[in-house]
Amino acid sequence: MSRLIQAFNRLPGIGPKSAQRLTYHLIRMDEDEAFALSEAIRDVKEKIDFCESCQNITEANPCAICMDSSRDHSTLCVVEEPLDVLALERTGSYSGLYHVLHGAISPMNNVGPNDLRLEELLARITTIHPHELILATNPNLEGEATAMYIKGILAGTSVTITRLAKGLPMGSDLEYADSSTLSQAFEGRREL
Amino acid sequence: MPRQYTYATEAIILRRSSVGETDSLVTLYTKSYGKMRAFARGVRKPNSKLGGHLEPLNQVNLLITQGRSLPLITQADMIQGFYTPSTNFEAIVSGCYIADCLDALTVEEVESQSLYSLACRQFKQVQAVENAQTQLRFFELQLLAISGYQPEVNVCLYCRKLPKRYSIYFSFEAGGILCQDCKNQFNCFVISETSTKALRYLLTTETEDAQKIRMPEAIQKELAHVLTNYLQFVIDRRLQSLVFYHRLQKWESSVIANPRTIY
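Residues numbered from 1 in each chain as written. Chains lettered and ligands numbered in written order. Predicted model: local features only at pLDDT ≥ 70, side-chain atom pairs only at ≥ 80, totals over all residues.

S.K.: I'd like a description of the overall build of chain A, backed by residues and values.
M.R.: For chain A, the helix and strand inventory stands at eight helices and six strands. Scanning chain A from its N terminus toward the C terminus, one meets helices and strands in the order α-α-α-β-β-α-β-α-β-α-β-α-β-α. Over its C-alpha atoms, taken along the principal directions, chain A stretches across nearly 60 × 45 × 35 Å. Across the 192 residues of chain A, 25% fall into the buried class. The contacts of chain A with a sequence gap of at least 6 include a subset with a gap of at least 24, amounting to 46%. (Helix = DSSP H or I, 4+ residues; strand = E, 2+ residues; numbered from the N terminus. Buried ≥ 20, exposed ≤ 12 C-beta atoms within 10 Å, placed from the backbone. Contact = placed C-beta atoms within 7 Å.)

Here it is in structure tokens:
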């Protein structure tokens, strides 16, 4: 029991009390449900892998998105995390391929380009020669640093590098927008 | 400065770390109360009114309320943002280094308006200049001086005599230069006369004039070695942003043709 409490305690956001509560909940749980949970954990570790092409998490290698011939293989969208791929797929407005970096450059936390799947991206660009590379990293300090870094190391190549537009989110209030977002929203304004 | 339950202050955002689903823990260097950590609720939601203002390296006006354990940021208004579409990668890395040094060398709740003004000026300056190395050396020296760790660069620390031209030594332990006769008293290494002169100039000059100094690459490197290591000696740990930079240089030299020099 203490082993299970310690294991739960190692999960993000789970403190010692929550770990104890989860353990007692598991003890009271039906055997079938508990075994289903342990099997799901085992399956995740055994079957889930990183796609050799886009580095997204997948059960099949290469993943379904990379294998889909109906998608635009000349456009690559670079994202920080696998969850970003899900968010972009939900929009239904992008039909190209992805590349997941698994993080962002963070000088203050000592996360450098060698901690990301950047070498794989460079290799992929030299192999498939995409027409456009969309940098969809988060619009914060780490995301901007990552986008600028990628732009810097690809200077001189023929690939067109674009960045997702920045501006005001739906439902927001102009009064509370920061000056950086507002000025970028002005720069990116479009004719109606 | 005595504080009320709710108080307003200017601040620089040094770092921001995620807490829970949408909250952040923000490390600030405030003008009126020195370094402090404060909690910002819901700032990672896309529609958050505070989110964009509380990005690292921003200078902001804040309204803070005393929370149960940590102060709570209730309002934020950006005075100036550090990165604009024209900011480059080198400026971001230099800005992060300044924030990291400031965070490492200061203790919470000790106010210093001169440190606050220095940081504001240097954040702006590293964006404006093409090569931020001199500005970073200037910042390190001024930060050390304001914090009470100014290195002695005029006379030998031990005998108080002027060292001879080609026999100047620098000691982290002693906190400055030593002459040939006194060098055995401490662990030390040779430092060039030009670097010693540059240190003297950077200690006495202003932000704008610091950029006027022209130094050969070898002197830039020597100064970077002396100051970054002296700073780390003082704080007694390695700066994450420096480790990042050394790893970046190593990776770039193996992957890219022209690795950059930032620090």
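From this point on, the discussion continues.
S.K.: Run through the nonpolar core, naming residues and quoting values.
M.R.: Membership of the largest hydrophobic core comes to 98 residues, with the highest contact counts inside it found for V78 of chain A together with I13, I73, I98, L102, A119 and I177 of chain B. Broken down by element, the residue count for this core peaks at 11 residues, all from helix α1 (residues 89–105) of chain B. The residues contacting I13 of chain B, other than those within four sequence positions of it, are V26, L28, L54, E55, P56, L57, N58 and V60 of chain B. (Core = buried A, V, L, I, M, F, W, Y, C linked by C-beta atoms within 7 Å.)

S.K.: For helix α7 (residues 240–255) of chain B, give the residues involved together with the corresponding values.
M.R.: All names here are of chain B. A rise of 1.5 Å per residue sets the reference length of α7, with its 16 residues, at 22 Å; its end C-alpha atoms lie 22 Å apart and thus fit the reference within 8%. Those residues of α7 not exposed but buried are S241, L242, F244, Y245 and L248. The buried residues of α7 occupy an angular sector of 150° when projected down its axis, which confines them to one face. In this structure, α7 carries S253 and S254 as exposed residues pointing more than 90 degrees from its buried face. Contacts from the buried residues of α7 go to α1 and α6 (217–235). (Expected span 1.5 Å × (residues − 1). Arc of directions from axis to C-beta.)

S.K.: Lay out the sheet that holds strand β6 (residues 160–163) of chain A in plain terms, naming residues and giving numbers.
M.R.: Two strands in a sheet stick together by hydrogen bonds in their backbones, pointing the same way (parallel) or opposite ways (antiparallel). Residues and elements named next belong to chain A. Read from one edge to the other, the open sheet built from four strands follows the order β4-β3-β5-β6, with strand pairing classed as parallel. Each end of this open sheet is capped by a strand with a single partner; those strands are β4 (96–100) and β6. Put simply, the sheet's adjacent strands are angled 25° from each other on average, direction ignored. As paired strands, strand β3 (residues 72–79) and β4 are joined by five bridges and run parallel to one another. In the sheet register, L76 faces β4, and the bridge partner there is L97. Each of β3 and β4 is contacted by helix α5 (residues 82–91), which is oriented at about 125° to β3, the strand it contacts most. (Pairing = 2+ DSSP bridges. Axes fitted to C-alpha atoms, helices over the stretch in contact; angles between N-to-C directions.)

S.K.: For the interface of chain B and chain A, give the residues involved together with the corresponding values.
M.R.: The partner chain A presents 28 residues to the 32 residues of chain B that form the contact. Per-element accounting of the side of chain B that touches chain A gives the leading share, eight residues, to α7 of chain B.

S.K.: Please give an account of the environment of E130 of chain B that cites residues and values.
M.R.: All names here are of chain B. Among the secondary structure elements, E130 is positioned in the loop between α2 (113–128) and α3 (133–146). The exposure class of E130 is exposed, given the 8 C-beta atoms found within 10 Å. In this structure, the C-alpha to C-alpha distance between E130 and G51, residues 79 residues apart in sequence, is 30 Å.

S.K.: Tell me about the pairing of strand β3 (residues 34–40) of chain B, and name the residues and values.
M.R.: Residue and element names in this part refer to chain B. As judged from the seven bridges shared by strand β2 (residues 23–30) and β3, these two strands associate in the antiparallel manner. Its bridge partner being in β3, Y29 is matched across the sheet by K35. Between the antiparallel neighbours β2 and β3 lie three residues.

S.K.: So, the packing of α2 of chain B against α3 of chain B: which residues are in play, and what are the values?
M.R.: All names here are of chain B. At their nearest, the axes of α2 and α3 sit 11 Å apart, and the two run at 175° to each other. Considering their axes alone, α2 and α3 lie roughly antiparallel with respect to each other. From α2, S114, L115, L118, Q122, Q125 and V126 reach across to α3, where they touch Q135, F139, Q142, L143 and I146. Taken together, the residues that form the contact of α2 with α3 break down as six nonpolar, five polar and no charged. (Parallel < 35°, antiparallel > 145°, perpendicular 65-115°, else oblique. Nonpolar A, V, L, I, M, F, W, Y, C, P; charged D, E, K, R; others polar.)

S.K.: Please provide a residue-by-residue account of the packing of helix α1 (residues 2–9) of chain A against helix α2 (residues 16–28) of chain A, values included.
M.R.: Residues and elements named next belong to chain A. At a minimum axis separation of 8 Å, α1 and α2 run at an interaxial angle of 130°. Relative to α2, the element α1 is oriented oblique. When you trace α1 past α2, the crossing you get is right-handed. Packed against α1, whose contacting residues are L4, I5, F8 and N9, the element α2 presents P16, A19, Q20, L22 and T23 at the interface. For the contact of α1 with α2, the per-class residue count stands at six nonpolar, three polar and no charged. (Left-handed = near helix turned anticlockwise from the far one by under 90°.)

Read these as layout, nothing more, since geometry by itself doesn't imply function.
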